[in-house]
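Overview (structure and organization)
Spelled out, the chains give:
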Amino acid sequence: MKKEITIIGVPMDLGQTRRGVDMGPSAIRYAGIVERLEDIQHEVQDFGDIHIGRPDGFQAQDPTHNLKNLKEVAEASEKLADAVSSVIAKERFPLVLGGDHSIAIGSLAGIAKHYSNLGVIWYDAHGDLNTAETSPSGNIHGMPLAASLGIGHESLTSIGGYMPKVKPENIVIIGARSLDEGERELIKEKGIKVYTMHEIDRVGMTAVMEETIAYLKDKTDGVHLSLDLDGLDPMDAPGVGTPVLGGISYRESHLAMEMLAESQMITSAEFVEVNPILDERNKTATVAVALMGSLFGEKLL
């Protein structure tokens, strides 16, 4: 099915401390995302990049909140929420390019107001369910899913003027293999569905995706895909800030995207954490574009 897609770049690197991920949107565009989607007959509009403010001088970790660059991340999240919301209001598909994963706070704030029961597929090595109290680092890119559940600092949970953005029973995390203690406790407390690498290895990606689609299809009125490239194994996606060995393979990821395309359930998506400085000849951005092709219905035959 032909889609009207609007691409929004978010050159955000303030949700963590490794520089370079702000160049992710440019790397993904350079890898040919617009041409790839147009080749499979979608109508593509590039919104350009959200302006990201910079801290005044060097901003160390805030001793009060244990949150790095809180003000700037919150401001960028509000801007992104407005941009994404306006795209959906025009009945277009928002495709957000990151940037670090803290941008999901803004993406979900802009998307969820258009749905009464939004589902979220979190394709990631990490749970991103930390708060200031549980985070070992204070990096906000490890907190967007918690913030979207209404858990965490008010500056992050109240983006868009409402909370929560998503219910725990409407979330599926796929590919987890690095969870902090506070995240494990929250997953158990809230009953969040998680497919770790153990489940993917044990039953296979086909079963994981079939179960995910069945779990979300009937109880949601839209599903957002938030895909962190570190969900893939670093052999396939080396250009990420927090690589974790033993990840999802390139081929398994294509299968997952192809099955989501067949389900026709994805109503918005973001691809995050592409860091060209840490990459090998733009390999990770090229992988991201290939996966987007599969998500939007590209087929070999």
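Residues numbered from 1 in each chain as written. Predicted model: local features only at pLDDT ≥ 70, side-chain atom pairs only at ≥ 80, totals over all residues. Heavy atoms only, no water.

So, on to the overall build of the protein chain. A count of helices and strands for the protein chain gives eleven helices and eight strands. Taking 2.2 N^0.38 as the reference for a compact globule, 301 residues should give roughly 19 Å; the C-alpha atoms of the protein chain span a radius of gyration of 17 Å, in line with that estimate. For the protein chain, the spread of C-alpha atoms along the three principal axes comes to 55 × 40 × 40 Å. Counting over 301 residues, the protein chain shows a buried share of 58%. Put simply, 77% of the contacts in the protein chain that link residues at least 6 apart link residues at least 24 apart. Side-chain charges of the protein chain comprise 27 positive and 45 negative groups, with the mean position of each set lying 2 Å from the other. (Helix = DSSP H or I, 4+ residues; strand = E, 2+ residues; numbered from the N terminus. Rg over C-alpha atoms; globule rule 2.2 N^0.38 Å. Buried < 20%, exposed > 50% of the residue type's maximum accessible area, 1.4 Å probe, protein only. Contact = heavy atoms within 4.5 Å. Lys, Arg positive; Asp, Glu negative; His and termini not counted. Charge placed at Lys NZ, Arg CZ, Asp CG, Glu CD.)

Below, the discussion takes up the pairing of strand S5 (residues 171-176). With respect to burial, S5 is a largely interior element, six of its six residues being buried. Summarising the sheet, strand S4 (residues 118-123) and S5 pair through four bridges and their orientation is parallel. By the bridge assignment, Trp 122 is partnered in S5 with Ile 173. Relative to strand S6 (residues 193-196), S5 runs parallel, the two being bridged by four bridges. Along S6, the bridge assignment pairs Ile 173 with Val 194. (Pairing = 2+ DSSP bridges.)

We now examine the nonpolar core. Of all hydrophobic cores here, the largest spans 48 residues; its most connected members are Val 10, Leu 129 and Ile 173. When residues of this core are traced back to their parent elements, those giving at least two are strand S1 (4-10), helix H3 (70-89), helix H4 (104-112), S4, helix H5 (144-148), S5 and helix H7 (181-190). No other element matches the ten residues that H3 contributes to this core. Not counting residues up to four positions away in its chain, the partners in contact with Leu 129 are Gly 142, Leu 145, Ala 146, Leu 149, Ile 173, Glu 183, Leu 186, Ile 187 and Ile 192. (Core = buried A, V, L, I, M, F, W, Y, C linked by side-chain atoms within 4.5 Å.)

If you check helix H9 (residues 205-217), its first and last C-alpha atoms are 18 Å apart, about what 13 residues at 1.5 Å a residue would give, namely 18 Å. Taken together, the buried positions of H9 are occupied by Met 205, Ala 207, Val 208, Met 209, Thr 212, Ile 213 and Leu 216. Among the structural elements, S4, S5, S6, helix H8 (197-203), strand S7 (222-228) and helix H10 (250-263) are those in contact with the buried residues of H9. (Expected span 1.5 Å × (residues − 1).)

What follows deals with the sheet that holds strand S8 (residues 266-272). Read across the open sheet, the eight strands follow the order S2-S1-S3-S8-S7-S4-S5-S6; overall the sheet is parallel. Two strands lie at the open edges of the sheet, namely strand S2 (43-49) and S6, each paired on one side alone. Recorded for the sheet is a direction-independent mean angle of 15° between the axes of neighbouring strands. This element, helix H11 (residues 283-295), spans strand S3 (93-98), S7 and S8 of the sheet and lies at about 175° to S8. (Axes fitted to C-alpha atoms, helices over the stretch in contact; angles between N-to-C directions.)

Moving on to the UniProt feature "binding site: Mn(2+) 1" (unreviewed entry) in the protein chain. UniProt's entry tags His 101, Asp 128, Asp 228 and Asp 230 with the feature "binding site: Mn(2+) 1" (unreviewed entry), counted in the numbering of this structure. Of the residues just listed, which span 130 residues, no C-alpha pair is farther apart than 12.2 Å, and they cluster in one region. Tracing the chain through its elements places Asp 128 in the loop between S4 and H5. Non-local contacts of Asp 128, meaning those with residues more than four positions away in its chain, are made with His 101, Trp 122, His 141, Gly 142, Met 143, Pro 144, Leu 145, Ala 146 and Glu 183. Only 3.0 Å separates the side chain of Asp 128 from the side chain of His 101, close enough to count as a polar contact. Positionally, Asp 230 belongs in the loop between S7 and H10. (UniProt positions renumbered as here; feature names shortened; annotations may be inferred. Polar contact = N/O pair within 3.5 Å; in protein donor to acceptor, adjacent residues only side chain to side chain.)

This part is about the packing of H9 against H10. Between H9 and H10, the least distance of the axes is 10 Å, while the angle of their chain directions is 30°. In this view, H9 runs roughly parallel relative to H10, as classed from their interaxial angle. For H9 against H10, the interelement crossing comes out right-handed. Here H9 contributes Met 205, Thr 206, Met 209, Glu 210, Ile 213 and Lys 217 to the contact with H10, which in turn contributes Glu 252, Leu 255, Ala 256, Met 259, Leu 260 and Ser 263. Looking at side-chain class alone, the contact of H9 with H10 contains seven nonpolar, two polar and three charged residues. (Parallel < 35°, antiparallel > 145°, perpendicular 65-115°, else oblique. Left-handed = near helix turned anticlockwise from the far one by under 90°. Nonpolar A, V, L, I, M, F, W, Y, C, P; charged D, E, K, R; others polar.)

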